[in-house]
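Inside the fold
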Amino acid sequence: MDLMDVRPFRESDLPGAAKALIEVHGTDGYPVEGVSAPESWLRSVRVRQAWVADSGGEITGHVALVRPRGEAAAVLWAERSGESQAQLLVLARLFVLRKARRRAVGERLVRAAMGYGHEQGQRLVLDVLAKDQAAKRLYERLGWRPIGTAEHRYGDGRSMQATCYVSPVEDR
């Protein structure tokens with residue numbers, strides 16, 4: 001696992017990304033959604049762009065930018081900034097296999113998404129579950145600002161507290 005490439009998602013990556021999602025869910029309980037149908041969740045019509053970390057042909061990480069659909073971070077930022085939610089993208093579906101961690105895989109994936117948002121002239125927002133302290137540290141290290149908190153609700157009626165973030169202004 002010495003060589004690792006972060007690159008745009010290809011359709012041929014779908015089985016490996018789905019396998020990685022299931023593995024990360026098994027070790028970390030994240031992502032909370034998408035595990036029952038990982039391939040359709042990863043390729044949702046809401047996905048605008050996605051990237052993978054490819055380590056010698058094995059997908060070891062993934063991130064996507066999705067169109068907003070009422071996520072708390074998108075609503076909060078639109079209210080505070082006056083920007084339309086149509087001007088935003090939501091950073092989502094970030095996961096990295098445990099064996100690939102501590103190699104800046106997550107950071108490289110997030111930076112790829114941030115670069116795309118900058119190129120497209122779109123602000124990025126996201127929410128992080130309160131329990132995911134390592135993710136909060138990553139985003140804050142990359143300049144993301146907390147903009148509030150919200151209850152993250154799941155399709156099955158469960159909810160968890162989350163912190164909402166907006167990408168740094170210099171990445172616009």
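Residues numbered from 1 in each chain as written. Predicted model: local features only at pLDDT ≥ 70, side-chain atom pairs only at ≥ 80, totals over all residues. Heavy atoms only, no water.

1. Observations concerning the packing of aromatic side chains
Following the criterion strictly, the structure yields three aromatic pairs and no others. Where tryptophan 51 meets tyrosine 116, the ring centres are 5.7 Å apart and the plane angle is 70°; that geometry is what we call edge-to-face. Of this pair, tryptophan 51 sits in strand 2 (residues 47–55) while tyrosine 116 sits in helix 4 (residues 105–120), placing them 65 residues apart in sequence. When sorted by exposure, tryptophan 51 lands in the same class as tyrosine 116, which is buried. By way of ring pairs, the aromatic residues Tyr139, Trp144 and Tyr165 are connected into one cluster. Lying across the ring of tryptophan 41, arginine 93 places its NZ or CZ 4.3 Å from the centre. (Phe/Tyr/Trp six-rings, centres within 6.5 Å; stacked < 30°, edge-to-face > 60°. Helix = DSSP H or I, 4+ residues; strand = E, 2+ residues; numbered from the N terminus. Buried < 20%, exposed > 50% of the residue type's maximum accessible area, 1.4 Å probe, protein only. Lys NZ or Arg CZ within 6 Å of the ring centre and 35° of its normal.)

2. Brief notes about the sheet that holds strand 5 (residues 123–129)
Strand order across the open sheet formed by seven strands is 1-2-3-4-5-7-6, with mixed pairing between neighbours. The open sheet has two free edges, formed respectively by strand 1 (5–8) and strand 6 (145–153), since each of these has just one partner strand. In this sheet, adjacent strand axes meet at a mean angle of 25° when their direction is disregarded. Both strand 1 and strand 2 contribute to a ladder of four bridges, which runs antiparallel. Across the sheet, the residue bridging to aspartate 5 is aspartate 54, located in strand 2. The strands touched by helix 1 (residues 14–28) within the sheet are strand 3 (58–66) and strand 4 (88–96), with strand 4 carrying the most contacts at an inclination of about 75°. Along the sheet, helix 3 (residues 72–81) makes contact with strand 4, strand 5, strand 6 and strand 7 (159–166), crossing strand 6 at roughly 135°. (Pairing = 2+ DSSP bridges. Axes fitted to C-alpha atoms, helices over the stretch in contact; angles between N-to-C directions. Contact = heavy atoms within 4.5 Å.)

3. Focus: the nonpolar core
Counting residues in each nonpolar core, the largest one holds 29 residues, and the members touching the most others are Phe9, Leu42, Trp77, Phe95, Val125, Ile147 and Cys164. The element best represented in this core is helix 1, accounting for six residues. (Core = buried A, V, L, I, M, F, W, Y, C linked by side-chain atoms within 4.5 Å.)

4. A word on the pairing of strand 7
Along any regular strand the residues' side chains alternate between the sheet's two faces. With five bridges connecting them, strand 5 and strand 7 associate as antiparallel partners. Across the sheet, the residue bridging to leucine 129 is alanine 162, located in strand 7. Here strand 6 runs beside strand 7; their pairing, made up of eight bridges, is antiparallel. Pairing of glycine 148 across the sheet is with cysteine 164, part of strand 7.

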